[in-house]
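Structural overview for review
This is what each chain is made of:
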Amino acid sequence: MRSVIVVGGGISGLAAAWQLRGQADVTVLESHTKVGGKLRTGTIAGITVDEGAESLMALRPEAVELAAAVGLGDALCDPASSPTTIWTRGGLRPLPAGHVMGVPTDPAALVGSGLLSPAGIDRVAREETLPATPLTEDCSVSRYLAGRFGQEAVDRLIEPLLGGVYAGRAERLSLRAAMPRIAALAEQGGPLLPALRRMKAAGAPRSAAVAVQGVVGGTGRFPQAVAEACGARILTGTAARSLQRLPGDRWRVLATTADGPLTMEADAVVLALPAFAAAELLRPHSPAAEAELSGIPHASTAVITMAFSRSQAHVLPQGNGFLVPPVDGHTLKAASFLSNKWRWLHDAAPATFVVRASIGRIGEDELLDRPDRHLVRTAIAELHRAVGAMGEPLATRVTRWDRGLPQYGVGHRERVTRIREAAAELPGLALCGAAYEGVGVAACVATGRAAARQVLAGVPA
Ligand SMILES: Cc1cc2nc3c(=O)[nH]c(=O)nc-3n(C[C@H](O)[C@H](O)[C@H](O)COP(=O)(O)OP(=O)(O)OC[C@H]3O[C@@H](n4cnc5c(N)ncnc54)[C@H](O)[C@@H]3O)c2cc1C
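Counting restarts for each chain, with residues numbered from 1 along the sequence as it is written. Two thresholds apply to this predicted model, a pLDDT of at least 70 for residue-level local features and 80 or more for giving and counting side-chain atom pairs, whereas whole-chain, interface and lining totals are computed over all residues. Neither water nor hydrogens contribute to the side-chain values; these are computed over all heavy atoms in the structure.

**Some thoughts on the overall build of the protein**
Just so we agree on the cut-off: Secondary structure elements are defined from DSSP: runs of H or I of at least 4 residues count as helices, runs of E of at least 2 residues count as strands, and each element is numbered from the N terminus. We compute the radius of gyration from the C-alpha atoms alone; for a globule the expected value is 2.2 Å times N to the 0.38, where N is the number of residues. Each residue's exposure class comes from its accessible area (1.4 Å probe, protein chains only) as a fraction of the maximum for that residue type: buried when under 20%, exposed when over 50%, partly exposed otherwise. Contact definition: two residues touch when any of their heavy atoms are within 4.5 Å.
For the protein, the helix and strand inventory stands at 17 helices and 20 strands. Its C-alpha radius of gyration of 22 Å places the protein within 12% of the 23 Å reference for a compact globule of 461 residues. Counting every position in the protein, which comprises 461 residues, the buried fraction comes to 57%. Residue pairs in contact within the protein that sit at least 24 positions apart in sequence constitute 71% of those at least 6 positions apart.

**Re the site of the ligand**
Note the threshold: It suffices for a single heavy atom of a residue to lie within 4 Å of a molecule or strand for the residue to be listed as near it. In protein, a polar contact requires one atom able to donate a hydrogen and another able to accept it; more generally it is a pair of N or O atoms within 3.5 Å, and residues adjacent in sequence count only if both atoms are side-chain atoms. In short, Shrake-Rupley with a 1.4 Å probe defines the accessible areas, and a residue's cover is counted only from the protein chains shown.
Taken together, 34 residues sit near the ligand, with Ser12, Glu30, Lys38, Val439 and Val441 positioned nearest. Within the backbone of Glu54, an N or O atom sits 3.2 Å from an oxygen atom of the ligand. A distance of 3.1 Å separates an oxygen atom of the ligand from a polar atom in the backbone of Ala434. In the complex, the protein chains occlude 88% of the 1,000 Å² of accessible area that the ligand would expose alone. Those elements giving two or more residues to the shell around the ligand turn out to be helix 1 (11-20), strand 11 (239-246), strand 19 (395-406) and helix 17 (441-458).

**A short note on helix 17**
Note: α-helices contain 3.6 residues per turn, so residues at a spacing of three or four share the same orientation. Selection rule: Helices are assigned an expected span. That span is 1.5 Å times one less than the residue count.
In this model helix 17 runs 26 Å from its N-terminal to its C-terminal C-alpha over 18 residues, within 8% of the 26 Å that 1.5 Å per residue would give. Within helix 17, burial applies to Val441, Ala442, Ala443, Cys444, Val445, Ala446, Thr447, Gly448, Ala451, Ala452, Val455 and Leu456.

**Focus on the domain arrangement of the protein**
Keep this limit in mind: Where each domain begins and ends is defined by an automated method or by a domain database. Buried area is understood as the total, over both parts, of accessible area removed when two parts are fitted together, assessed with a 1.4 Å probe. Each salt bridge in this description consists of a side-chain nitrogen of Lys or Arg and a carboxyl oxygen of Asp or Glu lying within 4 Å of one another. Under this grouping Gly is polar, as are all residues other than the nonpolar Ala, Val, Leu, Ile, Met, Phe, Trp, Tyr, Cys and Pro and the charged Asp, Glu, Lys and Arg.
As assigned here, the protein comprises domain 1 (3-39 + 53-76 + 217-296 + 409-458), domain 2 (96-205) and domain 3 (298-406). Computed over C-alpha atoms only, the centres of domain 1 and domain 3 are separated by 30 Å. Here domain 1 meets domain 3 over a buried area of about 1,100 Å², counting both sides, of which 62% is carbon and sulfur. On the domain 1 side of the contact with domain 3, Lys38, Glu54 and Phe276 bury the most area, a combined 54% of that side's loss. For Glu54, the salt bridge identified is with Lys341, shortest N-O distance 3.2 Å. Where domain 1 touches domain 3, the interface holds 4 residue pairs in polar contact (both at pLDDT 80 or more). Grouping the amino acids of the side of domain 1 that touches domain 3 by side-chain chemistry returns 6 nonpolar, 4 polar and 2 charged.

**What to know about the sheet that holds strand 5 (residues 56-57)**
The criterion, for reference: Two strands pair if DSSP finds at least two bridges between them.
Spatial ordering of the open sheet is given by 5-9-6, a layout of 3 strands whose pairing is antiparallel. In this open sheet, the two edge strands, each paired with only one partner strand, are strand 5 and strand 6 (76-77). Judged from the 2 bridges that link them, strand 5 and strand 9 (residues 212-215) form a sheet pairing that is antiparallel. From the neighbouring strand, Met57 faces strand 9, where its bridge partner is Val212.

**A closer look at the packing of aromatic side chains**
Worth spelling out the cut-off: Working definition: a ring pair exists when centres of Phe, Tyr or Trp rings (six-membered ring for Trp) sit within 6.5 Å. Plane angles under 30 degrees give stacked, over 60 give edge-to-face, the rest tilted. Only lysine NZ and arginine CZ atoms are considered, and such an atom sits over a ring when it is within 6 Å of the ring centre and within 35 degrees of the ring normal.
For the structure shown, the criterion picks out 4 aromatic pairs. Seen in terms of ring centroids, Phe322 and Phe337 are 5.9 Å apart; in terms of plane orientation they differ by 70°. Their pairing is edge-to-face. With Phe322 in strand 16 (residues 321-323) and Phe337 in strand 17 (residues 332-337), this pair connects stretches of sequence that are 15 residues apart. With respect to burial, Phe322 and Phe337 carry one shared label: buried. For Phe337, a relative accessible area of 0% translates into the label buried. Joined through ring pairs, the aromatic side chains of Trp87, Phe322, Phe337 and Phe353 make up one cluster. Taking the ring centre of Trp18 as reference, the NZ or CZ of Arg21 above it sits at 3.6 Å. The aromatic ring of Phe276 is capped on one face by Arg403, whose charged end is 3.6 Å from the ring centroid.

**So, a negative patch on the surface**
Under the convention used in this document: Patches draw on residues past 30% relative accessible area with no salt bridge. Two like charges within 9 Å are joined, as are two nonpolar side chains (Val, Leu, Ile, Met, Phe, Trp, Tyr) within 5 Å. Only four residue types enter the charge count: Lys and Arg as positive, Asp and Glu as negative, with His and the chain ends excluded. Where a charge lies is defined by one atom per residue type: Lys uses NZ, Arg uses CZ, Asp uses CG and Glu uses CD.
Taken together, Asp365, Glu366, Asp369 and Asp402 make up a surface patch of like negative charges. Within the secondary structure, Glu366 is located in helix 14 (residues 365-368).

**Some remarks on the sheet that holds strand 2 (residues 25-29)**
Selection rule: Structural elements are reduced to axes, namely lines fitted to C-alpha atoms, with helices fitted over the stretch in contact, and the angle between N-to-C directions of any two is expressed from 0 to 180 degrees.
The strand order across the open sheet built from 5 strands is 10-2-1-14-20, with neighbouring strands paired in parallel fashion. The sheet is open, and its two borders are formed by strand 10 (233-235) and strand 20 (429-431), each paired with just one other strand. Neighbouring strand axes in the sheet, compared pairwise and without regard to direction, differ in orientation by 15° on average.

**Section: the environment of Phe222**
Positionally, Phe222 belongs in helix 9 (residues 221-230). Separated by 183 residues in the primary sequence, Phe222 and Leu39 have C-alpha atoms spaced 7.6 Å apart. When sequence neighbours within four positions are dropped, the list of residues in contact with Phe222 reads Ile11, Leu39, Leu56, Ala63, Leu66, Ala67, Val70, Leu72, Val441 and Val445.

**As for the environment of Asp369**
Among the structural elements, Asp369 can be located in the loop between helix 14 and helix 15 (372-387). Judged by its relative accessible area of 66%, Asp369 is exposed. Between the C-alpha atoms of Asp369 and Thr263, which are 106 residues apart in sequence, the distance is 37 Å.

**Quick notes on empty space enclosed by the protein**
What counts here: The way it works is a 1 Å grid over only the protein atoms, where trapped points that fit a 1.4 Å probe form a cavity and open points with protein on both sides within 12 Å along at least five of seven lines form a pocket, and then any residue with an atom within 4 Å of a point lines it. Grid points are joined across faces, edges and corners, and a volume is the space filled by probe spheres set on the points.
Going through the model one piece at a time under the given rule, you end up with 2 cavities of 30 Å³ or more. When its volume is computed, the largest cavity comes out at roughly 70 Å³. For the largest cavity, the full set of lining residues is Asp50, Glu54, Val215, Gly218, Thr219, Leu338, Trp342, Trp344, Leu345 and Arg356. Residues that form the lining of the largest cavity fall into these classes: 5 nonpolar, 2 polar and 3 charged. The calculated volume of the second largest cavity comes to roughly 40 Å³. Taken together, Leu95, Pro96, Ala97, His99, Gly102, Pro104, Thr105 and Asp106 make up the lining of the second largest cavity. Classifying every residue of the lining of the second largest cavity by side-chain character gives 4 nonpolar, 3 polar and 1 charged.

Rendered as structure tokens:
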């Protein structure tokens, strides 16, 4: 049987291992003590919570389908139905339904929302009347969308969503890579508002509340379930340090473990790593791939989970949480009211109210240099300003994700093409992960499975 080493036991690498099951002898090398990467659970006040990703996109099928295939079908659950809410202009203000990543489809629905000034709403409505030649080259989200809808709409409707998903900023993110559905409409030419309304009428997009699903007990259960179902040999605490090409297009991986060095050989290697880690391993083999991968910036974030006593809290917020536009000058990027959002979490700890706040967008690294206790105080203080004084939490937990989210800058898709072309010069090697075609779990699953198919096609059975 052909042999494949998957380097990286996050969801991308595990999806690759799943795709290879029964067709190759697979070993997954994971540097941490547990598989899962950005999908992991932890406990606070005795309650299991997600510390990284907490939901799977349900608008595209790859993640929820894999979850069902590995036995988590019955555990998939919808969040409570609630609009996306923005903390701005002194209140929590729901985004009107039907928006696509914050891009409004109905300017009239913004009236009375308090999200935009009357002039800002007029500017959104004028989009329909502006000439729109087809977009021919990539540009930043803000360059295109501020031109169409006005800067206020970008600042207060779109930036908070980009912060929530990418920890990114509109002036740096690529329209094509970060907002592909909007970019596809822009490439057709013509105003966006009528095109978005047609898209809505055709049934997509569904509202944000049903666009994602969670897993009872935490989305962090997902990678472990894939690891168990895929039948691969999983070596945790094993960090790949270098790759060597062998005759016959085989590969040798040199790794370190707590017990000393480990050397393994295989017919193919899948690198399911963050861009900077893949760059390091590829340096001796493809300077071009190494340079392109190293050029992908990353944002660091911190997740601050807080458990409040329901009986002692002065206020219990409604809804699923809120996103925050950077233009308002707050430190928080987002907050999720986990006990409202996920029924399973409420049922697991009915006397407790769990809030998860996040801090850190691209360019805000100095915020994250502060000690944990400072992040906790900031999160509590801003939460109180947003929802009212809840009182002190019973317990807090800070999880830091250093360089956790790759940033898809202008030209990212072309960069990925160049990386994939350079990697194609290395037979028996495939790349997958959040750095390429989408940061969400569903996109990562898709890249993992595609990488597995690529190595299977290249290595005869
Ligand atoms: C705080 C946060 C919240 C998020 N929330 C959501 C969400 O709600 N929904 C969503 O869809 N997406 C979310 N995302 C994005 C999504 O979780 C990630 O993009 C995705 O999980 C990345 O998976 P991956 O396997 O590509 O990479 P990773 O999860 O980074 O996995 C890579 C693995 O490789 C290992 N590794 C690194 N170097 C080596 C080496 N040399 N040898 C061996 N192993 C190595 C790492 O330890 C890691 O386990 C979130 C991300 C963050 C940071």
